Each structure stands twice: as C-alpha cells, then as structure tokens.
Amino acid sequence: MSCSKDKFIRVWDLETQHCLQIVGGHRSEIWSMDVDPSERFLVSGSADPELQVFRIRQSVEEGEDWSKWDVLKLFGEIPRQSKERVANVRFNRDGSLVVCQVAGKTADIYRVLDETEAARKAKRRVSRKKEKASAKSMIAEENGTIIDPLPVQNLQNPTVIVTDVFKLFQVLRASKKICSITFSPSNPPRGCLATLSLSLNNNMLETYSVDKEKVSKMYSVEMHGHRSDIRSVSLNSEDNLLMSTSHNAVKIWNPSTGECLRTIDSGYGLSSAFVGNRYALVGTKSGTLEIMDIASGSLTEAIEAHAGSIRSIVPIPDEDGTVGARGFVTGSADHDVKFWEYQLVQKSDNDSKQLTVTNVRTLKMTEDVLAVSISPEGKHIAVALLDCHVKVFHMDTLKPSLNLYGHKLPVLCMDISSDGALLVTGSADKNLKIWGMDFGDCHRSIFAHSDSVMDVKFVYRTHYMFSVGKDRTMKYWDADKFELLLTLEGHHAEVWCLTLSSRGDFVVTGSHDRSIRRWDRTEEQLFIEEEKEKRLEETFEADLENDNDYRYGQKDDAPDEGSVGVPGRKTKETVTSADAIMDALDTAEEELKRINQHKMEEQITAKAAKFQPNVIMQGHSPSDYVLNVVSSIRPNDLEQALLALPFSDALKLMSYLKEWSLVPSKVELVCRVCLVLLQTHHNQLTATPAARSLLTELKDILYCRVKECKDTIGFNLAAMDHIKVRGPFFSLKFELLDILVTSSADVCYVPMF
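Definitions and cut-offs
Residues numbered from 1 in each chain as written. Predicted model: local features only at pLDDT ≥ 70, side-chain atom pairs only at ≥ 80, totals over all residues. Heavy atoms only, no water. UniProt positions renumbered as here; feature names shortened; annotations may be inferred. Helix = DSSP H or I, 4+ residues; strand = E, 2+ residues; numbered from the N terminus. Contact = heavy atoms within 4.5 Å. Axes fitted to C-alpha atoms, helices over the stretch in contact; angles between N-to-C directions. Left-handed = near helix turned anticlockwise from the far one by under 90°. Nonpolar A, V, L, I, M, F, W, Y, C, P; charged D, E, K, R; others polar. Pairing = 2+ DSSP bridges. Buried < 20%, exposed > 50% of the residue type's maximum accessible area, 1.4 Å probe, protein only. Polar contact = N/O pair within 3.5 Å; in protein donor to acceptor, adjacent residues only side chain to side chain. 1 Å grid on protein atoms, 1.4 Å probe; cavity = no way out; pocket = protein on both sides within 12 Å on 5 of 7 lines; lining within 4 Å. Points joined across faces, edges and corners; volume = space filled by probe spheres on them. Phe/Tyr/Trp six-rings, centres within 6.5 Å; stacked < 30°, edge-to-face > 60°.

Where an unreviewed UniProt entry is consulted, the chain appears under the name Small-subunit processome Utp12 domain-containing protein, with the organism given as Zea mays. According to the UniProt record, the Sequence similarities (unreviewed entry) comment for the chain reads "Belongs to the WD repeat WDR3/UTP12 family."

Draft legend 1. Up close: the environment of E483. Tracing the sequence through the fold places E483 in strand 39 (residues 483-489). On a C-alpha basis, the gap between E483 and I528 in space is 8.9 Å, while along the polypeptide they are 45 residues apart. Look past the residues within four positions of E483 in its chain and what remains in contact with it is Y476, W477, D478, I528 and K532.

Draft legend 2. Structural detail: the packing of helix 5 (residues 572-604) against helix 7 (residues 635-643). For the pair helix 5 and helix 7, the least separation of the axes is 8 Å and the interaxial angle reads 60°. The crossing of helix 5 and helix 7 is right-handed. For the pair formed by helix 5 and helix 7, the contact residues are E573, T574, S577, A578 and I581 on the first element and D637, Q640, A641 and L642 on the second. Looking at the contact of helix 5 with helix 7, its residues break down into 4 nonpolar, 3 polar and 2 charged.

Draft legend 3. The sheet that holds strand 10 (residues 106-112), seen in detail. Sheet architecture is open: 4 strands sit in the order 8-9-10-11, paired in antiparallel fashion. Every other strand in the sheet has two partners, leaving strand 8 (86-91) and strand 11 (166-173) as the edge strands with one partner each. Across the sheet, the axes of successive neighbouring strands diverge by a mean angle of 20°, strand direction being ignored.

Draft legend 4. Main features of the pairing of strand 40 (residues 495-500). Within strand 40, 6 of the 6 residues are buried, leaving the element largely enclosed by the surrounding structure. Two elements, strand 40 and strand 41 (residues 506-511), share 5 bridges in a ladder whose sense is antiparallel. Bridge assignment links V495 to a residue of strand 41, and that residue is S511.

Draft legend 5. Focus on the sheet that holds strand 41. Taken in spatial order, the 3 strands line up as 40-41-42 in an open sheet, and their pairing is antiparallel. Looking at strand neighbours, the two that pair on one side only are strand 40 and strand 42 (516-520), the edges of this open sheet. Strand-to-strand twist of the sheet, defined as the mean angle between neighbouring strand axes without regard to direction, takes the value 20°.

Draft legend 6. Structural view of the environment of R311. Within the secondary structure, R311 sits in strand 24 (residues 310-317). The exposure class assigned to R311 is partly exposed, which follows from its relative accessible area of 35%. Here the alpha-carbon distance between R311 and S271, two residues 40 residues apart in the chain, equals 5.9 Å. Leaving out residues up to four positions away in the same chain, R311 has contacts with L270, S271, G331, S332, A333, V369 and L370. Among the polar contacts made by the side chain of R311, one reaches the side chain of S309 at a distance of 3.0 Å.

Draft legend 7. Fine view of the UniProt feature "repeat: WD" (unreviewed entry) in the chain. Cross-referencing UniProt, the feature "repeat: WD" (unreviewed entry) maps to residues 1-22, 23-57, 223-263, 404-445, 446-487 and 488-520 in the present numbering. The annotated region residues 1-22 carries 0% helix and 55% strand content, and the separation between its end C-alpha atoms amounts to 10 Å.

Draft legend 8. Quick look at the layout of surface pockets. Approximately 1,200 Å³ is the volume attributed to the second largest pocket. Forming the walls of the second largest pocket are 41 residues, and the residues nearest its centre are Y476, L486, T487, L488 and E531. Those elements giving two or more residues to the lining of the second largest pocket turn out to be strand 37 (464-469), strand 38 (473-478), strand 39, strand 41, strand 42 and helix 4 (528-546). Within the lining of the second largest pocket, the residues separate by chemical class into 17 nonpolar, 10 polar and 14 charged.

Draft legend 9. A look at the packing of aromatic side chains. Summed over the entire model, instances satisfying the criterion amount to 7 aromatic pairs. Ring centres of F41 and F166 lie 5.4 Å apart, and the angle between their planes is 75°; this geometry places the pair in the edge-to-face category. One end of the pair, F41, is in strand 5 (residues 41-46); the other, F166, is in strand 11, with 125 residues separating them in the sequence. One exposure class covers both F41 and F166, and it is buried.

Right, here's the structure in full:
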C-alpha cells in the first residue's frame, strides 16, 4: 500500500509490479497510514476531520460483495478530536490500540475491539436503537401515526460498523509540539496496555504508559541534548572535556563516551574557551563574559565586558605555541577588541580562591568585530571586520601589520596555521581565501561551500584544514595544493561551529539541528582521484535532477487531476542509454547509405564488388540493429532515454516503428516508444509535412496490432477462467493438456475443447 499527496491510496502487486487498485475518498492530502499486525484493517489520516478505515481482503473467496480485483474496501470513518492535520497513524504490537498523532500537541488513542466485543457492542447499539424506536412508536400511536418497525434480521444479526470496532480510548496532551510517535515493541509493564514514546520539537523524549483509566508519563530524557542551536564548541588542552553553548545553557561533555557531565544555566553563548581543566569562559549575545566552575557546575562571575555580542574568545598562547596562562582576547560587535588577564581572588577568609579577569588593553576598531585569531607564537593578531576587511596587528605594540581585502561579503571565521605561515578566512560569500602571513598575498581563493562558511580550523602542525558551512557539510582541504580531500555529510541543518583535537585525530561539530557530532580519523587510505571522480558523479546527478530541458511539457504544464508524471528521473544510465540510441541511429543511417550506393553500383556495372556489411552491426539489418539497442534498455530507463532524444533522431526512430510492429513480441515496446515520442514532440510532428504520412500509416497499423494482442489476452483470460471452473473434469478426461505460451504478454493460450 502507498499513500500520497494526490489524495489516493494505491495497492501494488510486488510480483507483477503493477497497481491493482486505486482507492479514493479523502478530500485532502494523505499524510500517514498503517496496517494492524493481523492485516485486517488499514487506517489512513489526512487533513479531513475523520480517519478512514479500510478492510483488507484476506483471501480470494472472502465475501460475495467484494469486487474481483479489490484488496481494500471502505469500512467507515472515525471522527477525530483535533482539527489539525494528521501527522502519524500507528498500531501497537498486538493491534489492540491505534494512535493518531496530529501536527500539534495532542494524540488520540483508539481501542480496537476484537470480533466478539464488536458484535456485542453492535447488539447493544441495535437494542438501544430498538428502545428508542419503541418509545417513538408509543408516542406516535398516541398521535395516531404509524412507524415502521426495525427489520428482524437487524435485531438478530446486527451488522458491525466501524464505530463498533474502533472506540476513542484516551487523548494524550504533551507539553510541546509532537514531532513523531511510536509504540514500544517490547511487552508493556504489568497492568499497562501499551507504552508510547514521543519526540518533541524541543529535543526532548517522553514515554507514557497507556492503561484503562489514563495516560501517565513514565519518564523523559531532558538533560542530555541542547534545546536549540549549538553556537560554539571547544575542547580543553587534554581533549577529555568538550564544552558546547546554546541559547540558555552550557553543557560539559565527555567527548569519548558522549556522556553529558554538567549542565550550567547561562546566557546566549556565541563563543567559549577553557581555562585549564577547572574553569570555562563563555561570551554571550548580550555582551556578558561568564566565568564558570566546571567541577561544581556553577556560574562564579558574570562580567559586563562589552556593549555588543561577543563573537570570539581566543586564548593567548605562550611563545612555544602552547596555551598558557597569559590571558585571552575577546572580539565584540561594539567595535572593541579587549585583552584580558587572569587573576585568582579570595572573596572571604572561608572561601577558596576563584578565577576572575581584568581588562588590560583595548583595541578600538571602526566596524563590528566578527572574528579574532592569534598566531601560535603570539606575535600577530588578526581581526575580521564587518566591512569585509581583515586587519593584522602586532601583539606587543598593536601596530598595523597587514590589511587583507578581497572578500565580497563579511568574513565570519578565520584561523592561522601552527607554523604561522598561512591565514585562512571563510566568508558569507561562500569562499575560502588562503593568505600568506609574511606579505599578505592571497595564495588562492576557493569556492568552498554552497552557502556561507561558518567556521574553519587548521589541523595542528599541518596545512590541512576543516571548514563547515550552512550547506550542512564539513570539508577537508589541503591548503598547500588547494585541493578538496573529503566532503563529510551527516548534519541535517546548518553547521555553525567546529573544534579540533590537539592531535588532529577527531573533529567535533555543532549544528542548527541541535546535534553535536564527533568525526574520527580512520586508518583507511584516501585516494584523491577516486574522491574527485565520486564528486563529479554526484555533481552530474545533481545537474540532471535540476535539468528541466527535457520534459513532457513546459514547466507550467501541470498534469491533470488524477494523472501522474513521468516515472523515474534522469540519471547517468538514462543519458548513456540515450547516447546509445543516437549512436545506433547514426550507424544504421550510414549502413543504409552504403547499401543504396552498392545497389546503384550493381545497376551500373554488372561486376560490382561484393557488399561488406558493417562489423559493428554483427550481421543484423539496420532496423534489427536499432531494435536490439532499444530493447536492451531497461524499461524503467526507457522513458527518460527517449525524452533526451532531439527531434531529428526521434523522427528517425519513428520511421522504424512500422517495421518493428510486425514482430509480435515487440508490439508493447513499439507502443511505448510511439506514445512517449508523440507526447514529447507533438507540436513539431504536426507541423512537419514529412511526419504526417508516417503518423497516418502508424495509426492504422498499431491499432490493428494492439487489437490482436487484446483479443489474444481476452481469449487467454476466458480460457483460464474456464479451466478454473472445469479443472477437475479436464484432469479426468485428458491425460495431457498442451499449453502454448505467447511471448508478448506472458499469458497462457489454451485451446478450448
């Protein structure tokens, strides 16, 4: 079974791969459906105010009121409680419950009664109806009118309707909007009918127990993941602690196990950094610098550091390149770059010393500061501004060293290599630029992502780098050869940030999809040529999907209601098939010219040379050669391959259809080819005089050939029905029954006796 936005449910035969039944009834798009485990009922949901329930045919002999080919039959409609559209319909393990989740905060749970309970409920319904009818008849007799009594058959054997089987049981109301819902596949606890799990749109998981009286929450997963975007991630110097920030919380993780160690309330954190293994710094959107104690999981101090959002927190490295205790630098949207130093202060005699920071220097800029980076030796500091420029200063004197410009949109991220030789910048213009730190020359500008580049980092002691962007991908680059080594996909939304381990053996990324992903380096060898070839194939496939040049009609020509579009899509195989058809047509045309030329030479000279056929055609005639090429194409790719043919080649192909239609096994293929070419090139065919005579001949020939196939199939079906009815008598009378199989339709042609 399949449902679609076309408001239909379709039943498919997996063996013949054909649609057996098309079921209508819904007035809007169908979003979900499910079948109970015993395969008695199918329930479908849409934006209609009711669920539709269908009975599933169990066997061919079931019921006389079933049509010959029907598999589904409408059983009835169940009114829903909510007015929002249906998002999910699910049966539980034993089929006794069905839940209908809407695109909101509620889910309706229905009880599915067995046949005995449903019959008992139907009798009660009919008896109540009888009591009401008798009461009305008494009132009517007093008024002098007569009311027809209920039929006796309905009273004794009442017909079970959908409301007798499906009964509204409970209504579940969640705290947030429900994204998806499922029943537990394991056995429920004692005294509980089922266990139901929900995923909410705030990244929470909740599990409810469904019993006879109420639906109660059993447990929920609340503290592990973030409730919103992960805007920054950072690792400590030993790579055993990971910090991530979001709109209202900071979380400390174990990057090896993925376990959340601490959750600390904070402001909207845009940047973060570790101070050793005990303290952490968080820069917020409001301009507050928060100092947190990791061991106790508490906020020790909040400093009003800037008047705008703090976009970068960069520790100042020691002269040997290691992160020391010299301090850190913050860059903000208030045009300031501030230098800070650490201090340990004891607030009272009983308290232990706590970390605090003091501002020692301030570098005033003319634009908003979007990113800050410091060279590993601490000699230079690079500042990216809103005016698309990157300014490099000397750390000791804060005098300008370089002014880098070339990006068309603001630089959002940057990093300096561990040897201090290269600076890479990532911008909203989707480009990465690699600069030399000695003279400030641009080594290469790379179109890196299909959307803004959000973060970039060098691997320690190498010129390899990772970049992430809004196109949901992370890419691995060689900054010396300017080559893309790997494209890593996995996130479902924009990737905001990344951090690298000190040894470069793993990468951590944070995304808009509220997930933190760890990427580990493997021992598998990387072959750049294979990766290039794979990317070219993916680009080719993407271009084919976006290509609208070859379609049945113009882009605005939508199919009529109830009709379908082209089955399949254009792929590399379909384009290859189209090229094979065009090559075959050209080869056959050249062969026909050679044959005609040889005939003319025979007429002119009596002793002409013997004709040598083309070796490529393998002894076939031009028509048979083209027919073999077309027949070798997979049926799923044939339509798309024919759509890619230009009109001149389509006209050549149609000239062979008259001869091909004389082959009984190729009538179906000829009809498919003719139909696709007519639909694709109808306007040009009707306007071409040479094609009119061809279409007229095909009209008469194909009609007769299709009628012969139809008569053969009808005769075969009648014979099979006759054998089905008289099968035992035939087996007694005849010892041998000759069955002839027609090759066109794969059905038996049985002689009648």
